[in-house]
Amino acid sequence: MAHVAYNVSGLSKTFPKQRRPANDDLTFEIHEGEIFGLLGDNGAGKTTLVRQLVNLLRPDRGTIELFGRDVAKDPGFVTMTVGYMPQRGSALNRLTVAEALYLTAHLRGLSRRQAAAERDHLLELLRLTGIRNRSSDRLSGGQRRLVQLAVALAGRPPVLILDEPTNELDPANRRYVWDVLRDWNERHRTTIVLITHDAIEAERVIERVGIMREGRFVALGRPSDLKRAISPRRHVALSFLPGKEPALPDGIVPWRRTEDTWWLTVDHGRVPELLAALDFTTVTDIRLHSATLEDLYLHYVS
Ligand SMILES: Nc1ncnc2c1ncn2[C@@H]1O[C@H](COP(=O)(O)OP(=O)(O)OP(=O)(O)O)[C@@H](O)[C@H]1O
């Protein structure tokens, strides 16, 4: 069984003068070592939730335990355990990029020598060496996001909470950051909770997803399971040598044919049977398509 990083129970929060709760009786777990994605439309309550997870905001009701310790009663433990990247703003004040990384790593328990090594590693990892001596108030929006991410990673806290880590990044940096996060998670077994609107790219790294709407989860689980629930069929494109039409199991009939490719729609459960029936000396290519994370998001949110 998976070990639990966060155990959230009955979490509710209504801001003053707001009619609707921002978080409405949320109960869920985040497993140790997983990458958990929070998706949802604007105003769904994602930032409110993560600010409670890092103890920047108190819930009206409910409890949050981090590795079995009550977050509200143990704020120091949260600070030492979680690297938090906020949605906006900068926690760096007027420090240079290099100073911010060094100090954060040192405050998270690394010796001076280790903190200096960590600083240099993160500058290189996030390609920040060229701006290492720049003050954080003189960075572009995208540079600031990369520095904030590096600060969250400094000292390798066991949990990362990232509020839209790829927001403001150009497409190449966006993709690079997703790769860095996946690699970091694999290397250090870091639990990562992230909010994103970037469902297409995030699909490559997210292991479990919570889709929020009006302060509640409308879907929670592994993307593959959730996709299967909304779309129980797979689309298959099957290419073969001209004139060598494949034999298909009973009841599976192409809905479109060309000379060398057939398109089929198959129940998930029959895919193994289809694959077993094919002669791969004459089948040249097979492509299986199922719903994407973005399809899933749009299914639940629109
Ligand atoms: N400080 C605040 N005071 C009053 N209402 C707030 C405050 N912060 C958030 N809200 C409200 O709470 C609800 C949830 O907001 P939240 O920022 O958590 O949404 P979100 O899912 O993170 O949205 P987005 O994707 O736009 O960042 C919204 O209706 C918002 O207007």
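The model shown is predicted, which means the values in this text are computed figures rather than measured ones.

Definitions and cut-offs
Residues numbered from 1 in each chain as written. Predicted model: local features only at pLDDT ≥ 70, side-chain atom pairs only at ≥ 80, totals over all residues. Core = buried A, V, L, I, M, F, W, Y, C linked by C-beta atoms within 7 Å. Buried ≥ 20, exposed ≤ 12 C-beta atoms within 10 Å, placed from the backbone. Helix = DSSP H or I, 4+ residues; strand = E, 2+ residues; numbered from the N terminus. Contact = placed C-beta atoms within 7 Å. Pairing = 2+ DSSP bridges. Axes fitted to C-alpha atoms, helices over the stretch in contact; angles between N-to-C directions. Domains from an automatic or database assignment. Near = placed C-beta within 6 Å. Nonpolar A, V, L, I, M, F, W, Y, C, P; charged D, E, K, R; others polar.

S.K.: I'd like to hear about the nonpolar core, residue by residue, with values.
M.R.: Ranked by internal contacts, the top residues of the largest apolar core, which has 65 residues, are L101, A150, I161 and V193. Among the elements that make up this core, the one with the highest residue count is helix α5 (residues 141–153) (seven residues). Excluding residues that lie within four positions of it along the chain, A150 makes contacts with L101, L122, L126 and L128.

S.K.: Run through the sheet that holds strand β9 (residues 208–213), naming residues and quoting values.
M.R.: Read from one edge to the other, the open sheet built from six strands follows the order β6-β7-β8-β3-β9-β10, with strand pairing classed as mixed. Sheet topology places β6 (82–85) and β10 (216–221) at the edges, where each strand pairs with a single neighbour. Strand after strand, the sheet turns through a mean of 15 degrees between neighbouring axes, direction not considered. Taken together, the four bridges between β6 and strand β7 (residues 159–163) define a ladder with parallel strand orientation. Each residue of the ladder has a partner; that of G83, found in β7, is L160. Those strands touched by helix α10 (residues 293–301) are β3 (35–40), β9 and β10, and its axis lies near 30 degrees from that of β9.

S.K.: Report on the domain arrangement of the protein, specifying residues and quantitative values.
M.R.: Annotation of the protein at the domain level lists domain 1 (4–221) and domain 2 (231–292). For domain 1 and domain 2, the distance between their C-alpha centroids amounts to 42 Å.

S.K.: Lay out the site of the ligand with the relevant residues and their values.
M.R.: In the neighbourhood of the ligand, the contacting residues comprise F15, Q18, A22, G40, N42, G43, A44, G45, K46, T47 and T48. The element contributing the most residues to the shell around the ligand is helix α1 (residues 46–53), with three residues. Residue composition of the shell around the ligand, grouped by class: three nonpolar, seven polar and one charged.

S.K.: Help me get a handle on the environment of G155, residues and values and all.
M.R.: When you line up the elements, G155 lands in the loop between α5 and β7. On the neighbour-count criterion, G155 (20 C-beta atoms within 10 Å) is buried. As a C-alpha pair, G155 and T81 span 74 residues in sequence and 9.9 Å in three-dimensional space. Once you skip the residues sitting within four places of it in the chain, G155 turns out to touch T104, A105, R108, G109, L110 and E118.

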